[in-house]
Amino acid sequence: MQELLTGQVLTFDADPFVAGPAAARHLSHGGVLIENGRIAAVDDADSLRARHPHARVHAYGRGLISAGFVDAHVHYPQTAIIASWGKRLRDWLATYTFPEEARFHDPDHAARVAETYLDLALAHGTTSFLSYGTIHPASVEAIFTAAQARGLRAAAGRTCMDRNAPDNLRDTAEAAHDESAALIARWHGRGRLSYAITPRFAPTSSPAQLEALGALWAQNPTCLMQTHLSEQTEEIDWVLGLYPQARDYLDIYEGFGLIGRGAVFGHAIHLTERERARLLETGAAIAHCPTSNLFIGSGLFDPALLRTGARVGLGTDTGGGSSFSMLRTMATAYEVAQLRGTALHPAELWWLGTGAAADALGWGGKVGNLVPGAEADLIVVDLQSTPAIAQRAARANDLWEALFPTIMMGDDRAIRATWVAGQRMHRHAPPG
Ligand code: GUN
Ligand code: ZN
């Protein structure tokens, strides 16, 4: 059965950071034809209807059909502690995060939170993500099981920590290696799922643990590798005290082979020139998490990095981040860049939360853009989802003016429908 979604359509012919906003293509009466879970065609609605008279039509009127959002950095186990008050990174981890993560030794707790997180993600238009687990293999089992049941493209990994963490959240270099290896054998490449080797960050891993995980990645090079880099200045001082031989924070990871394509570094705010150059040269990616950077008081990401060719995608960093919404995350990316003297174009913001995030995770061409052959993960965005947004959008003269109020003020109410692999997985129910 073919499905034909009609509405406004937004796709990208190229990266707008390279080709400018004209890289975006807007069809005001467009359609997306889906067949066998993939995008078969993107074209004018009338032409698609004429060519495919037997397709089942889903007419979304003025709704904007886009690729689903891709969240390049999330901690699904922190779902229930989002918006916890009053702490910076180290105190926030000790006060809120570690006690909650300790609960994931219970597979039932892990399964419940995984379900809650995925329901929230789909309601907010997020169709793919890269998540941290906790130290417990059950946390990874839970998120992969729930993602597989929904047909999602997703990556996750067991978070490894063998020091500077509570007793009940510490492993050893050997356990980190062996339990990660067992999860790779079980889940990596199964359907749409990928494994991400996950040292939490340098302060919670001994050199022996980073070495073991570097070796594991070398043996499993198609896995992703995710960790945190240069989030807070106090953190950097702490890290360099623990690794006194390192030239800088990134050099620690580099020394153990934890850099290169497929590496995704969360935050990367306070980088040296050498670190920027190495990220660029090696093709490693950065997950920019602006709501987290403001919420935990970390700092302002440098938008100049976006124009250097560095691979950067957006992440919510739930629950250090303060929202599940990639719209809210784009809005905050805009505000952070403004504070640093750069106005990001709506096309750039949209790309950061879709195609750029997909590229950062090695999924370019598969998800993140509506192109023939891609997997049919898409969302329908209501550009008038609240009275405040509607009255502003009514003044719009073009797509960007119509979309920007939703970027800045929108949330899950703007997501009319979410489709995953050609199946509708969520539909917004208006109140009343
Ligand atoms: N650095 C190490 N662990 C974490 C985490 O869970 N959240 C954030 N924001 N930063 C981290
Ligand atoms: Zn994080």
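This structure is a prediction, so every number in the text was calculated from the model and none was measured. (Residues numbered from 1 in each chain as written. Chains lettered and ligands numbered in written order. Predicted model: local features only at pLDDT ≥ 70, side-chain atom pairs only at ≥ 80, totals over all residues. Heavy atoms only, no water.)

**Section: the layout of surface pockets**
Empty space among the atoms becomes visible once a probe the size of a water molecule is rolled across them.
Moving on, step 1. Taken as a whole, the largest pocket encloses approximately 260 Å³ of empty space.
Moving on, step 2. If you trace the largest pocket, you find 21 residues lining it, with T222, L224, G262, L361 and G362 closest to the centre.
Moving on, step 3. Contributing elements (two or more residues each) for the lining of the largest pocket: β9 (193-199) and α14 (355-360). (1 Å grid on protein atoms, 1.4 Å probe; cavity = no way out; pocket = protein on both sides within 12 Å on 5 of 7 lines; lining within 4 Å. Points joined across faces, edges and corners; volume = space filled by probe spheres on them. Helix = DSSP H or I, 4+ residues; strand = E, 2+ residues; numbered from the N terminus.)

**With respect to the coordination of the zinc ion (ligand 2)**
Moving on, step 1. Every protein donor of the zinc ion (ligand 2) is listed here as H73 (NE2), H75 (NE2), H228 (NE2) and D317 (OD), and their distances to the metal cover 2.0 to 2.5 Å.
Moving on, step 2. Relative to the metal, the four donor atoms surrounding the zinc ion (ligand 2) lie at angles of 87 to 165°, and the coordination shape comes out irregular.
Moving on, step 3. Here the donor residues of the zinc ion (ligand 2) are spaced in sequence according to H-x1-H-x152-H-x88-D. (Donors = N, O, S within 2.8 Å, 3.2 Å for Na, K, Ca; no water. Tetrahedral: all angles 85-135°; square planar, octahedral: opposite > 155°, others 65-115°.)

**Observations regarding the side chain of T406**
Moving on, step 1. Topologically, T406 is positioned in helix α16 (residues 399-409).
Moving on, step 2. Contact partners of T406, with chain neighbours within four places excluded, come to L327, V381, D382, L383, I389 and A414. (Contact = heavy atoms within 4.5 Å.)

**Structural notes on the packing of helix α12 (residues 326-339) against α16**
Moving on, step 1. Put simply, α12 and α16 touch, their axes get as near as 6 Å, and they point 95° apart. Classified by the angle their axes make, α12 and α16 are roughly perpendicular. On α16, the residues touching L327, R328, M330, A331, Y334 and E335 of α12 are F404, T406, I407 and M408. (Axes fitted to C-alpha atoms, helices over the stretch in contact; angles between N-to-C directions. Parallel < 35°, antiparallel > 145°, perpendicular 65-115°, else oblique.)

**Topic: the site of ligand 1**
Moving on, step 1. Surrounding ligand 1, one finds 13 residues, the nearest of these being H75, Q78, R200, E231 and D317.
Moving on, step 2. Between ligand 1 and R200, the relevant distance is 2.8 Å, taken from an oxygen atom to a side-chain nitrogen or oxygen of the residue.
Moving on, step 3. D317 places a polar side-chain atom, nitrogen or oxygen, 2.8 Å from a nitrogen atom of ligand 1.
Moving on, step 4. Burial of ligand 1 by the protein chains amounts to 100% of its free accessible area of 270 Å².
Moving on, step 5. Placement of ligand 1 is best described as lying within the largest cavity.
Moving on, step 6. Here the shell around ligand 1 takes three residues from helix α3 (residues 89-102), the largest share from any one element.
Moving on, step 7. When grouped by side-chain class, the residues that make up the shell around ligand 1 number five nonpolar, five polar and three charged. (Near = heavy atom within 4 Å. Polar contact = N/O pair within 3.5 Å; in protein donor to acceptor, adjacent residues only side chain to side chain. Areas by Shrake-Rupley, 256 points an atom, 1.4 Å probe, with all protein chains shown as cover. Sits in = over half its atoms within 2 Å of the grid points. Nonpolar A, V, L, I, M, F, W, Y, C, P; charged D, E, K, R; others polar.)

**Thoughts on the environment of T332**
Moving on, step 1. Relative to the helices and strands, T332 is located in helix α12.
Moving on, step 2. Once the C-alpha coordinates of T332 and A123 are considered, the two residues, 209 residues apart in sequence, prove to be 20 Å apart.
Moving on, step 3. T332 has contacts with P290, T291 and L294, leaving out every residue within four places of it along the chain.
Moving on, step 4. Within the structure, T332 has its side chain in polar contact with the backbone oxygen of R328 (distance 2.8 Å).

**So, the pattern of salt bridges**
Moving on, step 1. Here the structure, examined in full by the defined rule, presents 24 salt bridges.
Moving on, step 2. Measuring nitrogen to oxygen at the nearest pair gives 2.9 Å for the salt bridge that ties R158 to D171. With R158 in the loop between β7 (153-157) and β8 (159-160) and D171 in the loop between β8 and α6 (173-187), this residue pair connects regions lying 13 residues apart in the sequence. Here R158 matches D171 in class, with each residue buried.
Moving on, step 3. Connected through salt bridges with shared partners, the residues D248, E254, R274, R278 and E281 form a single ionic network. (Salt bridge = Lys/Arg side-chain N within 4 Å of Asp/Glu carboxyl O. Buried < 20%, exposed > 50% of the residue type's maximum accessible area, 1.4 Å probe, protein only.)

**A closer look at the UniProt feature "domain: Amidohydrolase-related" (unreviewed entry) in the protein chain**
Moving on, step 1. Feature annotation in UniProt assigns "domain: Amidohydrolase-related" (unreviewed entry) to the following positions: residues 65-423.
Moving on, step 2. Span residues 65-423 is 42% helix and 17% strand, its end C-alpha atoms 14 Å apart. (UniProt positions renumbered as here; feature names shortened; annotations may be inferred.)

**Examining the nonpolar core**
Moving on, step 1. Counting residues in hydrophobic clusters, the biggest one holds 107 residues, and the most contacted among them are F265 and W350.
Moving on, step 2. The biggest single contributor to this core is α12, with eight residues.
Moving on, step 3. The residue makeup of this core includes at least three contributed by each of domain 1 (3-68 + 368-427) and domain 2 (69-360).
Moving on, step 4. In this structure, W350 is in contact with L10, F12, S66, F69, L327, M330, V381, L403 and I407, ignoring residues within four places of it in sequence.
Moving on, step 5. Core analysis: the second largest hydrophobic core is formed by 17 residues, L5, V42, A376 and W419 among them. (Core = buried A, V, L, I, M, F, W, Y, C linked by side-chain atoms within 4.5 Å. Domains from an automatic or database assignment.)

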